[in-house]
Amino acid sequence: MALLSVIRRWHFREGMPIREITRRTGLSRNTVRKYLAKGVVEPRYPDRKSPSKLDDYELTLTSWLFRESRRHRKQRRSIKQLHLDLVQLGYTGSYDRVAAFARLWRQEQQEAQRTAAKNTYVPLQFAPGEAFQFDWSEDYVVIGGVNTKLQIAHFRLSHSRAFFLRAYLHQTHEMLFDAHFHAFQLFGGVPERGIYDNMKTAVDKVGRGKQRTINKRFQAMVSHYLFEAEFCNPAAGWEKGQVEKQVRDARHLLWQKAPPFRTLAELNTWLQQRCLALWQELPHPQDKRRTLYQYWQVEQEALMAVPAAFDGFVEFTKRVSSTCLITHDCNRYSVPASFANRPVSLRVYPDRIVVVAEAQIIASHARVFTRDHNATGKTIYDWRHYLSVVQRKPGALRNGAPFTELPNSFKQLQNQLLKRPGGDREMADVLALVLLHDEKLVEQAIEAALSIERPSRQHVMNCLNRLQDKAIPEPLKPPPALKLVTEPLANTARYDDLREGKS
């Protein structure tokens, strides 16, 4: 290396002829001319290629390796089998040379894929109001003293990077629809596009390229909010890399600092407040001088106004049991007795369930969740649904499970009436008053009847009638302008005059 540098400096800088250089260095003239003519700065030996018996079969073996790489791994031919095939074509070399060639070919293919596909990305840029990205994640939070696994819905505006999180117990359709409404409400509008992965609640079937069979309920939600749903390629999370990074960052920004909560609603309120606070704290990744909140204020003007909430229920057909119950997610809910042993429609929302029959809502309950799959589910009763049954079977009042939820005044009256003969029938008649009158008035009448020593059904009905009696209106007082100046006199003789006139 040092000798080459001296040769180049003597010839190009000092103008020394080649003959003098060869005399001083002892190198041949051809070697000196080669170094000077080719502009070699760093000497190196040429790559040697040893002749091999495989040289005439390289193209054939390469095509075979390409063919086998496209087959299923269980259908690929081994290198030994490829070697035997080459032998039949006239190859006389060893198996080790074929195996070495195949190993080098695979390394080159893996390196090409790694550099040209998997580790190379195109930076993305979005206009204000153009798109948002969505994804699910799983995290644990203490709710009601229990460490609970939650499904977290993540939203992120692609331009301003404003984000929103909401926690649920499941990743079902009704949770997905509810999360979209709350996100759009917080963002102050709806972007033009939504970018999703191929989640089962949105995509029924993944086709070639961008072809997707979209779920009908998800398509209805997209049509309601008037944005376009766009789905990433399978295993291409970089296409929604912003929300993918948000899932990772949320663990140290939110979940590691999350306090215990009493209810899920309290957690979601805390999440919304923390998101708004972080908007004003975090700088925009492309402009450190401005916060996410400042970028969101600009992007909000480009968003479409949020329409009314999508009626995001999931509907099931259920058959009511003989005990007036339907089952959903291992929990049971009561239905009016008139629909026992009949099919009804169950509409499931994130926080409630609604039972529909004959185009009318016949029952509604707060939704309950059972996290322990080893335990039996809960039963949610509404004692009003069993009043018609009690009219036929008043004895069911003594141990009827739905009637453990009666108001305190009803329970006090029941305890007194059931001590008498025929008390169960009297209590059934009192409960039947709820079907005809306002329940609050019936409860007030029962409280008034309990003030006497021995309340009865008749006392309750009398108190209810007094509560419903309208106050006697005061006599009208005519204004002075309508007062008679000359009052008429009572003259019965006029009647006789009329009779004489007819005769």
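In short, a report on the structure. (Residues numbered from 1 in each chain as written. Predicted model: local features only at pLDDT ≥ 70, side-chain atom pairs only at ≥ 80, totals over all residues. Heavy atoms only, no water.)

### Side note on the pattern of salt bridges
In step 1: Scanning all chains against the criterion turns up 26 salt bridges.
In step 2: Taking the shortest distance from any N to any O, the salt bridge between Glu20 and Arg23 comes out at 2.3 Å. Here Glu20 pairs with Arg23, and both are found in helix α2 (residues 18-25), just three residues apart, close to one helical turn.
In step 3: Among the residues examined, Arg23 registers a relative accessible area of 58% and is labelled exposed.
In step 4: Across the pair Asp351 and Arg352 runs a salt bridge, and its minimum N-O distance is 3.5 Å.
In step 5: Overall, Arg352 belongs to the partly exposed group, its relative accessible area being 33%.
In step 6: Taken together, the salt bridges that share partners define one network made up of Asp135, Asp197, Lys240 and Glu244. (Salt bridge = Lys/Arg side-chain N within 4 Å of Asp/Glu carboxyl O. Helix = DSSP H or I, 4+ residues; strand = E, 2+ residues; numbered from the N terminus. Buried < 20%, exposed > 50% of the residue type's maximum accessible area, 1.4 Å probe, protein only.)

### Things to note about helix α1 (residues 2-12)
Think of an α-helix as 3.6 residues a turn; residues three or four steps apart then line up on the same face.
In step 1: Turning to α1, its buried residues number three or more, namely Leu4, Ile7 and Trp10. All buried residues of α1 fall inside an arc of 130 degrees around its axis, so they share one side. Across from the buried face of α1, at angles greater than 90 degrees, the exposed residues are Ala2 and Phe12.
In step 2: Looking at the buried side of α1, the elements it contacts are α2 and α3 (29-37). (Arc of directions from axis to C-beta. Contact = heavy atoms within 4.5 Å.)

### Focus on the packing of aromatic side chains
Within a pair of aromatic rings, the relevant descriptors are the distance that separates the centres and the angle that separates the planes.
In step 1: Counted by the stated rule, this structure contains 24 aromatic pairs.
In step 2: Consider the rings of Phe132 and Tyr196, whose centres lie 6.0 Å apart with planes at 85 degrees: the pair is edge-to-face. Here Tyr196 lies in strand β4 (residues 193-196) and Phe132 lies in strand β1 (residues 131-143), a separation of 64 residues in the sequence.
In step 3: A relative accessible area of 0% means that Tyr196 is categorised as buried.
In step 4: Counting every residue linked through ring pairs, the aromatic cluster contains Phe132, Phe134, Trp136, Phe155, Phe164, Tyr168, Phe184, Tyr196, Phe218, Tyr225, Phe227 and Phe231.
In step 5: If you follow Lys318 out to its NZ or CZ, it ends over the ring of Phe316, 5.8 Å from the centre.
In step 6: Seen from the ring of Phe313, Arg347 lies directly overhead, with NZ or CZ sitting 4.8 Å from the centre. (Phe/Tyr/Trp six-rings, centres within 6.5 Å; stacked < 30°, edge-to-face > 60°. Lys NZ or Arg CZ within 6 Å of the ring centre and 35° of its normal.)

### Brief notes about the side chain of Arg212
In step 1: Topologically, Arg212 is positioned in strand β6 (residues 212-214).
In step 2: Here Arg212 sits buried without a salt bridge, and the closest side chain of opposite charge, Glu239, lies 6.9 Å off (N-O distance).
In step 3: Within the structure, Arg212 has its side chain in polar contact with the backbone oxygen of Gly209 (distance 2.8 Å).
In step 4: Not counting residues up to four positions away in its chain, the partners in contact with Arg212 are Asn198, Val203, Lys205, Val206, Gly207, Phe231, Cys232, Asn233 and Pro234. (Lys, Arg positive; Asp, Glu negative; His and termini not counted. Polar contact = N/O pair within 3.5 Å; in protein donor to acceptor, adjacent residues only side chain to side chain.)

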